[in-house]
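Each chain, written out:
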Amino acid sequence: AQSVAQPEDQVNVAEGNPLTVKCTYSVSGNPYLFWYVQYPNRGLQFLLKYITGDNLVKGSYGFEAEFNKSQTSFHLKKPSALVSDSALYFCAVRDIDGDSSYKLIFGSGTRLLVRP
Amino acid sequence: EAQVTQNPRYLITVTGKKLTVTCSQNMNHEYMSWYRQDPGLGLRQIYYSMNVEVTDKGDVPEGYKVSRKEKRNFPLILESPSPNQTSLYFCASSLNKGIKKNIQYFGAGTRLSVL
């Protein structure tokens, strides 16, 4: 079965510094990977996805993610963090078993805190 | 504005009192889904629907029902709520084909407390 793991409950970074939020995955076949962000009292918002092609995927709000097949990772990155980036981030993988090819399996989430 | 609308946003109820959380999307999406979010567990899928009149169980369907009589609406029904259903619930929708396939759009959430 497909799964994703987010090993860090929280990531702390100073504003202006680069940030990385980690995600590793386990899939059979080619992975379809996603990052979503959840701001307080809001639903999840799509940031970016990887299906095929370049290993570096660019998304919304200056975020990007690097797909690494050998390490089965899909880490979210941003060169310069903003205080407004503080939120809960979820990695997800598309489940391709049977008919549930539209189901997303989410990680447990990583809280990003950017200090001024 | 393209959106997924859930109502109510907050709900406090008592054990056993039937309730319905409504979900409506205006993007003509075929796929709709309900999730619950609990601390440390991420989002877990309750039920999903591939299209009108087509629904199926997710990972945690016990104690919930859904229906999909119209494309835009996907209500979540708790026939006899219990305290372990206290959670934050999200409805989501997406297209089944095309470049935006699998990109799910989420409602703002419904925080439910069952006493």
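Here, every reference points to the structure presented above.
Engineer: Which parts of the structure should I look at to understand the overall build of chain B?
Structural biologist: Helix and strand content of chain B: 0 helices and 11 strands. Tracing chain B from N to C terminus, the helices and strands come up as β-β-β-β-β-β-β-β-β-β-β. For 115 residues, the compact-globule estimate of 2.2 N^0.38 gives 13 Å, and chain B sits close to it at 13 Å. For chain B, restricting intrachain contacts to residue pairs at least 6 apart in sequence, the fraction spanning at least 24 positions comes to 54%. Total accessible area on chain B is roughly 5,500 Å²; 53% of this is exposed by carbon and sulfur atoms. Considering chain B, the positive charge centre built from 15 side chains and the negative charge centre built from 9 side chains are found 3 Å apart.

Engineer: What am I meant to see in the environment of Ser49(B) here?
Structural biologist: Residue and element names in this part refer to chain B. One can find Ser49 in strand E5 (residues 42-51). Placed 22 residues apart in sequence, Ser49 and Lys71 show a C-alpha to C-alpha distance of 9.7 Å. If we ignore the near neighbours within four places in the chain, the residues touching Ser49 are Glu30, Tyr31, Met32, Val54, Thr55, Arg68 and Phe74.

Engineer: Where do I start with the sheet that holds strand E7 (residues 65-66) of chain B in this structure?
Structural biologist: Hydrogen bonds between backbone groups are what pair the strands of a sheet, and the pairing can be parallel or antiparallel. A sheet is described by the order of its strands in space; here 4 strands give the open sequence E1-E3-E8-E7 (chain B), paired in antiparallel fashion. Only two strands of the sheet have a single neighbouring strand rather than two, namely strand E1 (4-7) and E7 of chain B.

Engineer: Sorry, what's going on with the interface of chain A and chain B here?
Structural biologist: Many analyses report the size of an interface as the accessible area lost when the parts associate. Between chain A and chain B, the contact holds 22 residues from the first and 24 residues from the second. Of the roughly 1,800 Å² buried between chain A and chain B, counting both surfaces, carbon and sulfur atoms make up 55%. Our count for the contact surface shared by chain A and chain B stands at 0 salt bridges. At the level of elements, strand E5 (33-38), strand E6 (44-50), strand E10 (87-94) and strand E11 (104-106) of chain A are the ones that each hand at least two residues to the side of chain A that touches chain B. Here the residues of the side of chain A that touches chain B sort into 10 nonpolar, 7 polar and 5 charged.

Parameters and conventions
- Residues numbered from 1 in each chain as written.
- Chains lettered and ligands numbered in written order.
- Predicted model: local features only at pLDDT ≥ 70, side-chain atom pairs only at ≥ 80, totals over all residues.
- Heavy atoms only, no water.
- Helix = DSSP H or I, 4+ residues; strand = E, 2+ residues; numbered from the N terminus.
- Rg over C-alpha atoms; globule rule 2.2 N^0.38 Å.
- Contact = heavy atoms within 4.5 Å.
- Areas by Shrake-Rupley, 256 points an atom, 1.4 Å probe, with all protein chains shown as cover.
- Lys, Arg positive; Asp, Glu negative; His and termini not counted.
- Charge placed at Lys NZ, Arg CZ, Asp CG, Glu CD.
- Pairing = 2+ DSSP bridges.
- Buried area = accessible area lost by both parts, 1.4 Å probe.
- Salt bridge = Lys/Arg side-chain N within 4 Å of Asp/Glu carboxyl O.
- Nonpolar A, V, L, I, M, F, W, Y, C, P; charged D, E, K, R; others polar.

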